[in-house]
Every structure is written in C-alpha cells, then in structure tokens.
Amino acid sequence: MSLISLIQKIQKHNPEAETDFDFLKTCYSFAENAHKKQLRKSGEPYFMHCVRTAEILAQLRLDMDTICAGLMHDVLEDTGIKRSELEKQFGKNIAHLVEGVTKIGRYKFSGGQRKRQADTYRKLLLATAEDMRVILIKLADRLHNMETLDYLSEEQQQRISKETLEIYAPIAHRLGIWSMMSRLEDLSFKYLLPEAYREIADLLNEKLDERQSYCKKMEVTIHAELKKHGISANVRGRTKHIYSIYQKMHQKGTPFKDICDLVGLRILVKDDWNCYSALGVLHLRWNYLPDRVRDWIGQPKKNGYQSLHTTILDDGKPIEIQIRSREMHQVAENGIAAHWSYKEGVPTTKEALSIFANYKEMLEDIQDTQDVPDRFIESMKLELFQDEVYVFTPKGDILALPVGSTAIDFAYKIHTDIGNTCCGAEVNNVLTPIREPLQNGDRVRILTHPKTTPSRVWLRMVKTANARTKIRHWFREKDRADALELGKTLLKAELQVSYLNANDYLKSPKLLEIAQQLGLENVEELCIRIGNASESATQVVNRLKPEKSQVVAEEQKAQQTEPTIQLENGIDLGMVRVMKCCNPIPGDDTVGYITRGRGVSVHRVGCVRLLDEPERFIAVNLQPVEGTNYPAQIFVECDDKPGMLGEITTAIAKFQVNIREGNFRASTVTRIDDTAADYFTLDVTGVEQLREVMDAVKSLKGVESVVRKM
C-alpha cells in the first residue's frame with residue numbers, strides 16, 4: 001500500500017509525472033530489502049521513514065531520481081551496501097545523491113562545541129554546493145524525523161530540535177520552501193520550549209470557533225466584492241504558525257491580543273494584473289494601514305517569494321491579506337522546488353536559477369571565515385536568518401541586503417574596490433554617516449576616494465558576510481605587504497652591517513636559491529617570511545656568507561634571551577627587542593630603531609636613549625599578547641596621611657592589576673603641608689588599562705598628581 005500511496009502522491013502533485021513506474025518499483029524493493037528487520041524507536045519498520053521521506057519529496061514535485069534517492073538515502077549509512085553496488089544498479093546520479101546525504105550524517109566532528117557546530121554548517125554547505133537536491137533530501141529526512149521525535153530521549157529531542165531550528169529551518173526559508181520551514185520551526189519549538197508552545201496553542205484554541213466564523217464571513221464578503229469588479233478569485237483563510245507568533249510576542253514584545261495577523265486571508269487570482277486590481281478593490285472598500293503595504297511582486301525576495309501584502313481594517317479590526325497568483329502561491333509554498341524540471345532533475349526557470357545563484361553567492365561569501373569557527377557560525381546564521389531591506393542604486397537597480405545593513409555593505413555589494421575606497425554616502429541625496437542602517441526604498445550613492453582605505457571599525461558596522469570577508473581580506477593583504485616591507489628593511493640592514501651591497505644581493509641568484517631551499521617560490525616570499533619572523537634575516541645573510549656562521553649563531557643565542565613582542569600584523573617577531581630604558585607597552589607611541597647586527601630595538605617616542613638617526617627608524621606598533629602583562633612604573637604625589645597608601649592600593653586592585661613593586665616615602669617637593677611620594681611598578685595589559693588605573697588613583701581625595709616614569 002505504501003508504494004501505491006507514493007505513486008499516487010507523485011501523480012497528484014506533478015502533472016508531468018511518467019506513467020511507467022518500473023524504475024521506482026525497483027528502487028522501492030531494493031531499499032525495503034536493505035532495511036529488512038530494522039526497526040525505529042517507535043517500533044515501526046525503519047523503511048517507513050524512507051517512504052515518508054520520498055513522499056515529502058514527491059509533494060515538492062521533484063524529479064524521479066531525487067525521489068528514488070530519498071527512498072534509499074540511508075542504505076549506505078545503515079546497511080552493508082557499498083556505493084559501487086548502488087552505482088552499478090541505479091547509476092551515478094542516484095549514487096551521488098545518496099552519498100551526499102550520507103556524508104552529512106556520517107561526518108565525525110572534532111574539537112569543542114563551536115568547532116563541531118561550524119563543521120556541521122560547513123558540511124551542509126559543501127553538500128549543497130555540489131547538488132541542490134542533496135539538501136532537499138536532507139530537509140525531507142529531517143522533517144519526518146521531527147514528526148516522529150516523541151520516541152527519543154529528552155536530551156536527544158533537545159539536541160535535534162536545536163539543530164533543526166538553527167540550521168535546517170533557515171535553509172528551507174532561504175530556498176523559499178515556506179511549508180517546510182514553518183513545520184520545522186513549529187516542531188522544534190514544541191520540544192525546545194514545550195510550555196511556551198502549549199501556552200500559545202491554548203490561546204489560539206480559546207477563540208478558534210469565533211475566529212473561524214469571522215474568517216468565513218470575510219471570505220464571502222471579499223469574494224463578493226472582487227466578483228462585483230470582475231475579478232475571479234479564490235479567497236481562503238490562512239493559519240499563522242505558532243513559532244512566528246512566539247517570535248512576535250517574545251522578541252518584539254507584542255501581546256497576543258495585539259497580533260493582527262492571527263486572522264489572515266489569502267487571495268489567489270489569475271495573474272499579476274489581477275493581483276494589483278484586487279489590491280485596489282480592497283483599498284477602495286476598506287480603510288487600510290499604509291505602512292503595512294508590501295509589494296513583493298515588483299520586488300521579489302531573494303528566495304523567489306512574490307505576493308502583495310496589505311492590512312485592512314474591518315470595524316477597527318486589522319486583517320492581514322496576501323494577494324498572489326496561483327503560480328506565485330506554488331512558489332511561496334515550495335520555493336526553488338516549484339521551478340524544478342521533473343524530467344531533467346534540475347531547476348530550469350529564470351527564477352530558480354536566480355535563487356540558486358543567490359544561495360551559492362551566500363556560500364562563497366562565508367567560505368573565507370571557515371577556519372575561525374565563531375566567525376563562520378556568525379556569518380552562516382546572519383546569511384540564513386536575515387530579513388531584508390531593498391535599496392536602490394543611483395541608476396535605479398534594486399539591491400537586497402540584510403536588515404541593519406549600512407552603506408559599507410552596499411558599497412561592497414556593488415564592487416570590492418568601491419567598498420575599499422568608500423569615504424562617505426549620500427542616502428536620498430543627503431550626506432549620511434556610513435554607519436547608519438539603510439531603510440527600505442533608500443536610494444544610495446557611494447562616495448569614494450583613492451586614498452581611502454578600510455578601517456577595522458567597519459567590521460563592527462557591517463551586517464553582510466560579503467563585506468566582512470572582503471574587509472578582512474584587505475587587512476590580510478595589507479599585513480602581507482607590511483611584512484614584505486619590514487622583511488626587506490631587516491634584510492638590507494643585515495647586509496649593510498656585514499658590509500655587503502644590498503642591491504646586488506637582493507637580486508642575486510644565491511638569495512633565490514636560499515628561498516627555494518626553504519620551499520619558497522621567490523625572494524619576495526622569503527622577505528615576507530623574514531618580516532613575519534618565520535625566518536631570520538641574520539640567518540639568511542649567514543647562508544650568503546657561510547664563514548660568518550659561528551658569529552651569527554652566538555648572536556642568535558643571545559637574542560633568544562630577549563623578550564618577543566607582537567607587531568601590528570599580529571605575528572611574533574623574535575628579532576625585535578623591547579628596551580628597558582623606557583619600558584614601552586602595547587598602546588604606547590613607539591618607534592623601532594635598526595641596530596647594527598642586533599635587529600630592531602623598540603623605544604617609546606621621546607626616549608632619551610634614542611639616537612638622532614631618522615634613517616634607522618621604522619614604524620612599529622606593539623599589540624597585546626593575550627594573557628600577558630607588561631611592567632609600567634608610575635609616580636604618585638599625595639598627602640602624607642594615615643590610610644593614603646591603602647586607598648591607593650585598593651583603587652589599583654579594583655582593576656585586578658598586580659603591584660610588582662612599591663615604595664612609599666616623604667616627598668622632597670617643598671610644600672607648606674606634609675606630602676609623600678609613591679612609586680609603583682604595575683603589571684598591566686597595555687596603555688588603556690594603565691590610563692584607567694592612573695585616572696582612578698588621580699580621582700582619590702588627597703592625591704595631587706599621577707605621572708608615568710619614562
């Protein structure tokens with residue numbers, strides 16, 4: 001009976017369906033035999049899950065290969081059948097689809113929770129990028145698993161529901177499959193927050209008969225009004241799913257009684273023209289809320305959704321109405337699957353190709369973040385969960401961006417170079433800060449300047465993974481360029497110390513040979529390695545002059561006792577020494593001094609030990625190393641009174657700063673009243689924390705001055 005039911009569903013939902021189902025019958029028998037004697041937690045035959053998965057795919061009007069792959073989606077994972085056997089009997093296409101679904105479930109995660117979550121997302125993306133049908137099968141598989149979750153433990157219910165709500169429901173939304181998305185969200189909500197689910201369900205049931213009666217009355221009234229104006233339409237009530245009600249109540253703070261689309265109607269008409277005509281009839285007959293009118297026909301959503309939305313007032317009661325053609329309704333329910341070719345097994349319409357292109361663009365935008373789990377997850381969720389605003393270019397082209405996007409997101413959406421040189425924006429012909437969120441309908445013009453470059457602050461402003469990825473890429477390239485320049489400078493300095501002609505040696509075949517021996521392609525890569533401390537300039541020069549090896553070895557041994565710091569590009573550079581004469585710490589204005597044969601010494605700007613040789617100065621910016629503290633000495637002049645020292649040390653301790661050394665003595669400054677001087681050496685994370693401590697001490701009653709020792 002299950003096979004007959006499956007065939008009937010295919011025929012019902014797809015008029016293109018073939019009449020010969022012999023291939024389907026063969027697949028059905030194969031999968032049934034493979035799962036023989038396997039039972040689910042509910043006690044029913046495991047194969048029933050496979051049949052239900054195939055039925056969901058049939059309801060989406062998908063092709064025969066996808067439906068058959070749905071029947072067999074678990075045979076590689078749960079039985080002894082090999083891929084080669086599957087391919088031999090059913091062909092490469094089905095074997096590829098089944099293997100794609102299997103890989104998602106079989107992947108073994110490593111690392112912490114965030115790493116495992118990032119790996120889950122990444123595997124889904126890779127499978128989807130190869131063949132969209134893989135994720136459609138996985139969605140159907142997940143939907144039936146959620147429908148039968150009652151038989152699992154509470155811990156399993158919570159884990160699977162959380163994953164479904166965070167990953168699978170948003171993917172269904174991104175692909176425009178509203179019917180599947182809403183079902184996945186409601187089922188996840190039911191297990192994650194059962195009390196809240198029951199509360200809303202009970203509220204919906206309280207006046208269900210009253211709402212249904214009112215809805216029926218409005219169906220008849222609106223149908224008659226449209227007919228009077230010559231518009232043939234199907235008017236019917238629609239149900240808002242429970243999770244969306246929860247979101248409005250708990251995320252937007254809307255009381256249940258104020259949710260105006262609990263009573264909603266959907267009007268289905270013949271075509272676009274009739275959609276707009278129907279909207280006009282409604283607005284002539286009833287008052288409406290202007291700010292609730294949405295035109296998703298003229299400006300379709302990225303997932304292909306098209307419809308007109310309006311909210312009319314009937315005796316003051318708001319009623320949300322959706323107006324769409326029957327074809328639009330099919331797309332709204334089934335998303336990309338509504339454009340599927342049953343015979344060819346691929347999306348073929350212009351709309352479907354656009355949805356798929358947008359989806360692939362999203363995947364590409366976030367790929368550069370995959371090595372950093374937190375960034376990857378952040379980008380993935382942002383791209384999947386986003387609501388959208390629609391803005392215009394100066395030429396009138398429409399761009400869709402996530403809600404909260406700024407002019408910077410807009411600039412990078414147009415072109416990478418536009419984003420990198422963005423210096424301002426005009427929104428609706430008014431000069432506007434680039435950090436301001438864009439609104440629906442804004443017309444945006446980006447101002448650029450060739451000398452403008454991205455700021456790291458932009459990373460906190462942008463909302464799109466695309467902009468964030470491109471900004472980070474720019475800084476990676478900048479860091480590479482800085483490392484190259486620093487590497488050349490260090491190498492030239494070492495060559496000069498050894499009385500070698502830098503110009504000759506930098507172009508010499510010997511230097512290229514050394515680079516190649518280190519596995520590098522060219523001298524430029526060698527200089528970058530020197531600049532980021534992966535290679536030593538002294539050691540490279542030593543290889544150019546072997547007779548100097550013993551001297552260099554001794555110098556390197558001495559350098560190992562010097563503390564390392566972290567440069568602006570974020571890489572430890574062992575050839576740089578922080579000088580104790582002025583004790584620079586992260587955040588100080590610093591300068592690097594190229595010494596003769598001992599690398600770079602770092603001083604605070606103004607240090608008396610710095611020689612007046614500007615040609616030896618290079619830019620150095622100390623960055624804090626996580627978990628590391630730096631010594632800084634301060635001088636406190638204060639009243640010489642009981643308890644003063646305790647007040648000062650208490651103020652310092654509030655910042656969890658360690659006092660390495662301290663000295664309290666009478667001040668030598670001539671004053672009428674008694675004064676004292678405190679000298680403290682503090683362990684701080686950098687200048688910012690030091691300033692906070694100094695300000696706190698300075699604010700104490702009795703403290704006259706707080707200065708830092710050079």
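Let me sum up the structure you'll find in this document. What you see is a predicted model, and the numbers here were worked out from it, not measured in a lab.

**As for the side chain of S405**
Part 1: Looking at the element boundaries, S405 is found in the loop between β8 (398–402) and α19 (407–414).
Part 2: Here P402 takes part through its backbone oxygen, which lies 2.7 Å from a polar atom of the side chain of S405.
Part 3: Not counting residues up to four positions away in its chain, the partners in contact with S405 are E436, P437, L438, K463 and T464.

**Comments concerning the sheet that holds strand β16 (residues 600–604)**
Part 1: A sheet is described by the order of its strands in space; here 4 strands give the open sequence β14-β16-β15-β17, paired in mixed fashion. Each end of this open sheet is capped by a strand with a single partner; those strands are β14 (576–578) and β17 (617–618).
Part 2: Pairing of strand β15 (residues 590–594) with β17, which is carried by 2 bridges, proceeds in the antiparallel orientation. Looking at the pairing, G592 lines up with I618 of β17.

**Concerning unusual backbone geometry**
Part 1: Non-glycine residue R61 carries a positive phi angle of around 65°.
Part 2: Residue position: R61 is located in the loop between α3 (47–59) and α4 (64–71).
Part 3: Taking the relative accessible area as the measure of exposure, R61 reaches 21% and is therefore partly exposed.
Part 4: Residue N428 is not a glycine yet carries a positive backbone phi of 55°.

**Some remarks on helix α16 (residues 326–334)**
Part 1: Looking only at α16, the buried set comprises M328, H329, V331, A332, E333 and N334.
Part 2: Where α16 is buried, its residues meet α3, α11 (178–192), β1 (234–238), β2 (264–269), α15 (272–285) and β6 (317–325).
Part 3: After α16 finishes, the residue G335 shows a positive phi value of roughly 55°.

**Comments concerning the packing of helix α24 (residues 509–517) against helix α26 (residues 537–544)**
Part 1: It is the contact of α24 with α26, at a shortest axis distance of 10 Å, that shows an interaxial angle of 120°. Viewed along their axes, α24 and α26 adopt a mutual orientation that is oblique. At the point where α24 passes α26, the crossing takes the right-handed sense. From α24, K510, L511, I514 and Q517 reach across to α26, where they touch V540, R543 and L544.
Part 2: Looking at the contact of α24 with α26, its residues break down into 4 nonpolar, 1 polar and 2 charged.

**Brief notes about the sheet that holds strand β9 (residues 422–427)**
Part 1: Pairing is antiparallel across the open sheet formed by 3 strands, whose spatial order is β10-β9-β11. The two strands at the open ends of the sheet, each matched to only one other strand, are β10 (430–432) and β11 (444–448). Averaged over all adjacent pairs, the angle separating strand axes in this sheet is 35°, with direction ignored.

**Comments concerning the packing of aromatic side chains**
Part 1: Applying the stated criterion across every chain, the model contains 9 aromatic pairs.
Part 2: Geometrically, the ring pair formed by F23 and F90 is edge-to-face, given 6.1 Å between the ring centres and 75° between the ring planes. Taken together, the residues F23 in helix α2 (residues 22–34) and F90 in helix α6 (residues 83–90) connect sequence positions 67 residues apart.
Part 3: Judged by centre distance (5.8 Å) and plane angle (65°), the ring pair of F189 and Y197 falls under edge-to-face.
Part 4: Note on F189: relative accessible area 1%, which makes it buried.

**Comments concerning the nonpolar core**
Part 1: Residues L24, L71, M72 and L139 are the most contacted members of the largest nonpolar core, which totals 59 residues.
Part 2: Among the elements that line this core, the one with the most residues is helix α9 (residues 132–147), at 9 residues.
Part 3: Setting aside chain neighbours within four positions, we find L24 in contact with L3, L6, I7, I10, M64, I67, C68 and L71.
Part 4: V540, V541, L544 and L622 belong to the second-largest nonpolar core, a separate cluster that totals 30 residues.

**Focus on the packing of helix α12 (residues 194–206) against helix α14 (residues 242–250)**
Part 1: Two elements in contact, α12 and α14, have axes whose closest approach is 10 Å; the angle formed by their N-to-C orientations is 100°. Classed by the angle they form, the pair α12 and α14 counts as roughly perpendicular. Contacts between α12 and α14 involve A196, Y197, I200, A201 and L204 from the former and I242, I245, Y246 and M249 from the latter.
Part 2: Across the contact of α12 with α14, the residue classes break down as 9 nonpolar, no polar and no charged.

Cut-offs applied
- Numbering of residues starts from 1 in every chain and runs along the sequence as written.
- Local features are withheld for residues below a pLDDT of 70 in this predicted model, meaning they are given only at 70 or higher, and side-chain atom pairs are given and counted only at 80 or more; totals for whole chains, interfaces and linings count all residues.
- Based on all heavy atoms of the structure, the side-chain values leave hydrogens and waters out of the count.
- Segments assigned H or I by DSSP are reported as helices when at least four residues long, segments assigned E as strands when at least two residues long, and all are numbered from the N terminus.
- Two N or O atoms form a polar contact when they lie within 3.5 Å of each other; inside protein one atom must be a possible hydrogen donor and the other a possible acceptor, and for residues adjacent in sequence the pair counts only when both atoms belong to side chains.
- Any two residues whose heavy atoms approach within 4.5 Å are treated as being in contact.
- When DSSP finds two or more bridges between two strands, those strands count as paired.
- Working definition: with a 1.4 Å probe on protein chains only, accessible area under 20% of the residue-type maximum means buried, over 50% means exposed, and in between means partly exposed.
- Comment: axis = line fitted to C-alpha atoms, over the contacting stretch for helices; angle = value between 0 and 180 degrees taken between N-to-C directions.
- Throughout this description, any angle smaller than 35 degrees is read as roughly parallel, any larger than 145 degrees as roughly antiparallel, any in the 65 to 115 degree range as roughly perpendicular, and the remainder as oblique.
- By definition, any crossing whose near helix is turned counterclockwise from its far helix by less than a right angle is left-handed, and any crossing with a clockwise turn is right-handed.
- All amino acids are sorted into three groups, where Ala, Val, Leu, Ile, Met, Phe, Trp, Tyr, Cys and Pro are nonpolar, Asp, Glu, Lys and Arg are charged, and the leftover types, Gly among them, are polar.
- Note on aromatic contacts: the rings of Phe and Tyr and the six-membered ring of Trp form a pair at centre separations within 6.5 Å, being stacked when their planes are under 30 degrees apart, edge-to-face when over 60 apart, and tilted otherwise.
- Take the buried Ala, Val, Leu, Ile, Met, Phe, Trp, Tyr and Cys residues and link them wherever side-chain atoms come within 4.5 Å; each set so joined is a nonpolar core.

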